[in-house]
Amino acid sequence: MKRAVDLNEISDGSLYGANDMVRADCGGCTGCSACCRGMGSSVILDPLDIYRLCTGLKCDFDMLLAGHLELNVVDAVILPNLKMTGPKESCSFLSPSGRCGIHAYRPGICRLFPLGRYYENGTLRYFLQVHECKKENRAKIKVRKWLDMPDLKRYEKFVTDWHYFLNDAEAAVAQEPDPEIRKGISLYLLQNFYRRPYGPIRPEQYVGEKDFYEQFDRRLAEARENLTIQPETTC
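Keep in mind that this is a model prediction, so the values were computed, not measured.

A. Seen up close, the packing of helix H7 (residues 179–195) against helix H8 (residues 209–226). One way to put it is that H7 packs onto H8 with a least axis distance of 10 Å and a crossing angle of 160 degrees. Judged on the interaxial angle alone, H8 and H7 are roughly antiparallel. For H7 against H8, the interelement crossing comes out right-handed. Contacts from Tyr188, Asn192 and Phe193 in H7 reach Phe216, Arg219, Leu220, Glu222, Ala223 and Asn226 in H8.

B. Representation of the pairing of strand S6 (residues 115–120) in the model. Across 6 bridges, S6 lies against strand S7 (residues 123–128) in antiparallel orientation. The partner of tyrosine 118 across the bridge, within S7, is arginine 125. Following S6, the chain reverses through 2 residues before pairing antiparallel with S7; asparagine 121 in that reversal takes a positive phi of roughly 55 degrees.

C. A look at the state of the cysteines. Inspection of the entire model under this criterion finds 0 disulfides. Between cysteine 54, a free cysteine, and cysteine 59, which holds the nearest cysteine sulfur, the sulfur-to-sulfur gap is 4.6 Å. Cysteine 54 sits in the buried class, given a relative accessible area of 7%. Sulfur of cysteine 91: no disulfide; nearest cysteine sulfur belongs to cysteine 36 and is 6.2 Å away. Classification of cysteine 91 by relative accessible area gives buried; the value is 12%.

D. Helix H2 (residues 47–57), seen in detail. Counting buried positions along H2 yields 10 of 11 residues, so the element is predominantly enclosed. Among the residues of H2, those classed as buried are Pro47, Leu48, Asp49, Ile50, Tyr51, Arg52, Leu53, Cys54, Thr55 and Gly56. Measuring from the backbone nitrogen of leucine 48 back to the side-chain oxygen at the start of H2 gives 3.0 Å, which picks out aspartate 46 as the cap.

E. Layout of the pattern of salt bridges. Counted by the stated rule, this structure contains 7 salt bridges. Glutamate 120 serves as the salt-bridge partner of arginine 125, at 3.5 Å between the closest nitrogen and oxygen. Of the charged contacts in the structure, one is a salt bridge between aspartate 161 and lysine 157, with a shortest N-O distance of 2.7 Å. Of this pair, aspartate 161 and lysine 157 are both found in helix H6 (residues 152–175), 4 residues apart, which corresponds to roughly one turn of the helix. Accessibility expressed as a relative area gives 22% for aspartate 161, which makes it partly exposed.

F. View of the side chain of arginine 154. Here arginine 154 shows up in helix H6. Given the relative accessible area of 16%, arginine 154 is considered buried. Setting aside chain neighbours within four positions, we find arginine 154 in contact with Tyr213 and Asp217.

G. Region of the structure containing the packing of aromatic side chains. For the structure shown, the criterion picks out 17 aromatic pairs. Both rings, one in tyrosine 198 and one in phenylalanine 212, keep their centres 4.6 Å apart while their planes meet at 55 degrees; by these two values the pair is tilted. A residue pair is termed long-range when its members are at least 10 positions apart, and tyrosine 198 in the loop between H7 and H8 and phenylalanine 212 in helix H8 qualify at 14 residues. An aromatic cluster of three or more residues is present, and its members are Tyr51, Phe61, Tyr155, Phe158, Trp162, Phe165, Phe193, Tyr194, Tyr198, Phe212, Tyr213 and Phe216. Between arginine 219 and the ring centre of tyrosine 198, over which it is positioned, the NZ or CZ distance is 3.8 Å.

Thresholds, definitions, all that
Residues numbered from 1 in each chain as written. Predicted model: local features only at pLDDT ≥ 70, side-chain atom pairs only at ≥ 80, totals over all residues. Heavy atoms only, no water. Axes fitted to C-alpha atoms, helices over the stretch in contact; angles between N-to-C directions. Helix = DSSP H or I, 4+ residues; strand = E, 2+ residues; numbered from the N terminus. Parallel < 35°, antiparallel > 145°, perpendicular 65-115°, else oblique. Left-handed = near helix turned anticlockwise from the far one by under 90°. Contact = heavy atoms within 4.5 Å. Pairing = 2+ DSSP bridges. Disulfide = S-S within 2.5 Å. Buried < 20%, exposed > 50% of the residue type's maximum accessible area, 1.4 Å probe, protein only. Polar contact = N/O pair within 3.5 Å; in protein donor to acceptor, adjacent residues only side chain to side chain. Salt bridge = Lys/Arg side-chain N within 4 Å of Asp/Glu carboxyl O. Phe/Tyr/Trp six-rings, centres within 6.5 Å; stacked < 30°, edge-to-face > 60°. Lys NZ or Arg CZ within 6 Å of the ring centre and 35° of its normal.

Next comes the structure, spelled out in structure tokens:
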């Protein structure tokens, strides 16, 4: 989800790389689960998030949709997001004691918070959101340690590729006058990148992520060719 805001209004004014220190460490979020409640449809999931959830929970995409996820139109394209449920609008994976039930394979946005991503000229950097996290006196931590992602360089490439592809796909949908074709493009993206499994479901956490990236790269190339979506977006 793109945010058309002044970065200086929502951040500390700095941009960070993976090896920079930033005040993001919430100390295990002890006694707090504010960012897991009342988020509406804003926790949007990418294909790797779905792969990890399916692997960790030993299920498929449709099973996740039946209980924990929902679909919404985001910038003209249909994408999945975490579902908020109950009177307190809590994440459906949040336990009664206020702890994350999928912490080991939590989505990328959850790993990132309270950081945000800043894209410019094909690159990815991070910024600290200063008005979002309720925890005070956060400690400094290296960005790569906070994200807790194996093979971070490869992950950042995936995130950047996916961001710019979605930008290009959204532009293609916006330029298409036929509503049925627009719908068909969205459904193709949903099927190709989310519903279609990335290899077998395994009980071990994170086994096969190298295979995921290789499969994703092939599907990305196929989608650009099938939909004649060319890489043109640079911001």
